[in-house]
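# What the coordinates show
One-letter residues, chain by chain:
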Amino acid sequence: MNYHVLTLFPEMIRQGLNTSIIGRAIAKGILSLEAVNIRDYAFNKHQKVDDYPYGGGAGMVMQAEPVYQAYKAVCDQTGKCPRVIYLTPQGRVFDQELARELAKEEELIFLCGHYEGIDERVLEEIVTDQVSIGDYVLTGGELPSMVMIDAISRMVPGVLSNQESGETESFSENLLEYPQYSRPEEWHGCKVPSVLLSGHHKNVVQWRREQSILRTAKHRPDLLKKAELTEKERRWLREQEVKDE
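Below is a summary of the structure that appears in this document. (Residues numbered from 1 in each chain as written. Predicted model: local features only at pLDDT ≥ 70, side-chain atom pairs only at ≥ 80, totals over all residues. Heavy atoms only, no water.)

## What about a nonpolar patch on the surface?
Threshold: Without a salt bridge and with relative accessible area above 30%, a residue can belong to a patch; like charges are then joined within 9 Å and nonpolar side chains (Val, Leu, Ile, Met, Phe, Trp, Tyr) within 5 Å. Each accessible area is a Shrake-Rupley estimate made with a 1.4 Å probe; only the visible protein chains count as cover when residues are assessed. Take a side-chain nitrogen of Lys or Arg and a carboxyl oxygen of Asp or Glu: if they are within 4 Å of each other, that pair is a salt bridge. To sort residues, take the accessible area from a 1.4 Å probe on protein chains only and compare it with the maximum for the residue type: under 20% means buried, over 50% means exposed, and anything in between is partly exposed.
On the surface, a nonpolar cluster with roughly 450 Å² of combined accessible area is contributed by Phe9, Met12, Tyr136, Leu138 and Leu143. Judged by its relative accessible area of 38%, leucine 138 falls in the partly exposed class.

## As for the packing of helix α1 (residues 10-17) against helix α6 (residues 142-153)
Worth spelling out the cut-off: With axes taken as lines fitted to C-alpha atoms, and helix axes fitted only over the stretch in contact, angles between N-to-C directions fall between 0 and 180 degrees. Here a strand is any run of E in DSSP of at least two residues, a helix any run of H or I of at least four, and the numbering for each starts at the N terminus. We call two directions roughly parallel when the angle between them is under 35 degrees, roughly antiparallel when it is over 145, roughly perpendicular when it lies between 65 and 115, and oblique otherwise. It is the rotation of the near helix from the far one that decides the hand of a crossing: anticlockwise by less than a right angle makes it left-handed, clockwise makes it right-handed. Note on definitions: a residue-residue contact is assigned when non-hydrogen atoms from the two residues lie within 4.5 Å. Residues are grouped as follows: Ala, Val, Leu, Ile, Met, Phe, Trp, Tyr, Cys and Pro are nonpolar; Asp, Glu, Lys and Arg are charged; all remaining types, including Gly, are polar.
With their axes 10 Å apart at the nearest point, α1 and α6 run at an angle of 30° to one another. For the element pair α1 / α6, the angle class is roughly parallel. Where α1 crosses over α6, the handedness of that crossing is right-handed. Within the contact between the two elements, α1 uses Met12, Ile13, Gly16 and Leu17 and α6 uses Glu142, Leu143, Ser145, Met146 and Ile149. Across the contact of α1 with α6, the residue classes break down as six nonpolar, two polar and one charged.

## Focus on the pattern of salt bridges
Going through the model one piece at a time under the given rule, you end up with 13 salt bridges. As a salt-bridge pair, lysine 48 and aspartate 50 come within 3.6 Å of each other at their nearest N and O atoms. Judged by relative accessible area, which is 36%, lysine 48 ranks as partly exposed. Through salt bridges that share partners, Arg83, Glu101, Glu105 and Asp129 make up one connected network.

And the structure:
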């Protein structure tokens, strides 16, 4: 997977992603990361890339041409026109399903806006996906792009040391992850559930599945509606809800 981030703050991208799991995957050549400075494609000595909006109003708007030239440089370099993801609160909300879909791509371009946004004409020309990481406003698209790159990369084969963990964590089946425990067996008077100490793999798998269902029912009932539960599991969940009443 090759990531190309069009940004006004390339160091922010490099510093944020060249560490931990993503950094190790980059070092191994499983991923590559290019932070493209949009200012390098400005046609003036001060590398100015913004101007006043037509029609008036507060703030400045990023101009179309520098953004387009930065995009074109990536296309020329790769020999193709990859999907372009524009980070905006107006876009589709990012989720695990989209992370899996994007992880199948060989090249991805992330376009990070700033100020009051980007000239609509270049967005219409190059953007294939408008994506939001939530219903709030940030100062730019750099943080959302890093969030997405982290989530997408976990779905790329070889990035995680244990590939299974990328598929069994929260949201993989529209269920939240089950509780996790480590040593010691007792901490502050709280003991690790006995089933996890039993060595009985089948019972452990069942317990974890049940805990995922319970957590999702309690914290994200909207997700539970989309989860595929057996009739036996649905009956069991109703029994637990009755006990809690």
